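Now for the letters of each chain:
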Amino acid sequence: MEVTSSILTFASGKGGVGKSVVAVNLAEALVRDGHRVALVDADFGQSASPVLLNEAPTATVLDTVQDKAPLDEALHETEAGLTLVQAADRPSASGAWEADLYAALDDLTERLRVSHDHILVDAPAGTTGPVRWALDRADLGVLVLVGEPTAIADAYRLAKLLWTADPDYPLGTLVNYAEDSADGESIAERFGAVTSRFLDDAPRFLGWVPYAHAIRQSVSRQTPAVRRAGPVRDAFAELARTVARGHHALSPALS
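Below or above, wherever it landed, is the structure these notes cover.

## Focus: the overall build of the protein
- Across its full length, the protein carries ten helices and eight strands.
- Against the compact-globule benchmark of 18 Å for 255 residues, the protein has a radius of gyration of 17 Å, which places it among compact chains.
- For the protein, the spread of C-alpha atoms along the principal axes amounts to about 50 × 40 × 35 Å.
- Going through the 255 residues of the protein one by one, you find that 53% of them count as buried.
- Expressed as a percentage of contacts within the protein between residues at least 6 apart in sequence, the contacts between residues at least 24 apart total 78%.
- In the form shown here, the protein has an accessible surface area of approximately 11,200 Å², with 49% of it arising from carbon and sulfur atoms.
- Taking the average location of the 22 positive side-chain charges in the protein and that of its 35 negative ones, the two points are 5 Å from each other.

This is the structure:
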């Protein structure tokens, strides 16, 4: 079977940067453009994607490794036509099954690579085991940045971890909560300048998402913001076009 899909893992050094909101909206923007898209929520117990989508998967991957459901039931088709995979919903139960969870996620990911154009992985914040699994499987790791010093510092630590282990690791940045394009590019450029100085490399720049009340409303409504016309949909549509071109076509690093 021919593998045609790409895997993008969305990660952050700390929580609160809107990483899951970005992943959910970008996934639906790609679907709107006619792509076959899967969204894998790789958080072993604190899943945000099903909540943001107002979806209730029949089974999690943890259920399948505990023989409570067949593996196919972990592939949940959403209202918008997105394939949603939820790793686990019970953090206390996932620890003893962690190795089996990784194996099952690998199996599902290989299936999805054949049947989908794009796989987006929403990794937990930080550098835990699920984060390392998700980044290791990615064709491109995407650091979600915001213009806040502690978030930048934590993102830098994650970039350092990745490039220390693999100097050629493909890494990009996406700026969330930007005031406008100039602000988004400025945040990415400042981050790239720091990594260039201390790590001898800078991530590629995917683009930016505006700070908008519409996003906060969409979270409360559990309905992705891209379902309504406006600047937020336009921003994600541009990001979707960038992703569809492939990570090799990304803009040069801003540094």
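## Description of the nonpolar core
- Membership of the largest hydrophobic core comes to 45 residues, with the highest contact counts inside it found for Val61 and Val121.
- With near-sequence residues (within four places) excluded, Val61 lies in contact with Ala74, Val85, Gln86, Ala87, Leu101, Ala104, Leu105 and Leu108.
- Among the nonpolar cores identified, the runner-up in size contains 36 residues, and Leu8, Val17, Leu120 and Ala212 belong to it.

## Considering empty space enclosed by the protein
- This model, assessed by the stated rule, comprises two cavities of 30 Å³ or more.
- Here the second largest cavity defines a volume of roughly 50 Å³.
- For the second largest cavity, the full set of lining residues is Val21, Val24, Asn25, Leu52, Ser218, Val219, Thr223 and Pro224.
- Elements with a minimum of two residues in the lining of the second largest cavity: helix 1 (19-32) and helix 9 (213-221).
- Residue contributions to the lining of the second largest cavity peak at three residues, all from helix 1.

## Some details on the side chain of Asp43
- Tracing the sequence through the fold places Asp43 in strand 2 (residues 37-44).
- No salt bridge is formed by the buried Asp43; the nearest opposite charge belongs to Lys19, separated by 6.3 Å.
- Within the local environment of Asp43, its side chain forms a polar contact with the backbone nitrogen of Gln46, the two atoms lying 3.1 Å apart.

## With respect to the pattern of salt bridges
- The full count for this structure, using the stated rule, is eleven salt bridges.
- For the salt bridge of Arg137 with Asp106, the shortest nitrogen-to-oxygen distance reads 2.9 Å. Here Arg137 is found in helix 6 (residues 129-137), whereas its partner Asp106 is found in helix 5 (residues 98-115), with 31 residues between them in sequence.
- Its relative accessible area of 28% is what places Arg137 among the partly exposed residues.

Parameters and conventions
- Numbering of residues starts from 1 in every chain and runs along the sequence as written.
- Totals for whole chains, interfaces and linings use all residues, but because this is a predicted model, local features are given only for residues with pLDDT of at least 70 and pairs of side-chain atoms are given and counted only at 80 or more.
- To get the side-chain values, take all heavy atoms of the structure and skip hydrogens and water.
- A run of H or I in DSSP becomes a helix once it reaches four residues, and a run of E becomes a strand once it reaches two; helices and strands are each numbered from the N terminus.
- To get the radius of gyration, use the C-alpha atoms; to get the globule rule, take the number of residues to the power 0.38 and multiply by 2.2 Å.
- Whether a residue is buried, partly exposed or exposed follows from its accessible area with a 1.4 Å probe, protein chains only, as a fraction of its type maximum: under 20%, in between, or over 50%, in that order.
- The contact criterion used is simple: two residues touch if any of their non-hydrogen atoms lie within 4.5 Å.
- Areas reported as accessible are Shrake-Rupley estimates using a 1.4 Å probe. Residue values count occlusion only from the protein chains shown.
- Counting rule applied: Lys, Arg positive; Asp, Glu negative; His and chain ends not counted.
- Where a charge lies is defined by one atom per residue type: Lys uses NZ, Arg uses CZ, Asp uses CG and Glu uses CD.
- Nine residue types can take part in a nonpolar core, namely buried Ala, Val, Leu, Ile, Met, Phe, Trp, Tyr and Cys, and a core is a set of them joined through side-chain atoms within 4.5 Å.
- Here a cavity is any set of points on a 1 Å grid over the protein atoms alone where a 1.4 Å probe fits but cannot get out, and a pocket is any open set with protein on both sides within 12 Å along at least 5 of 7 lines; a residue lines the site when it has an atom within 4 Å of a point.
- Grid points are joined across faces, edges and corners, and a volume is the space filled by probe spheres set on the points.
- Any carboxyl oxygen of Asp or Glu that lies within 4 Å of a side-chain nitrogen of Lys or Arg is treated as forming a salt bridge with it.
- Polar contacts, as used here, are pairs of N or O atoms within 3.5 Å; protein pairs need one atom able to donate a hydrogen and one able to accept it. Residues neighboring in sequence count only if both atoms are side-chain atoms.

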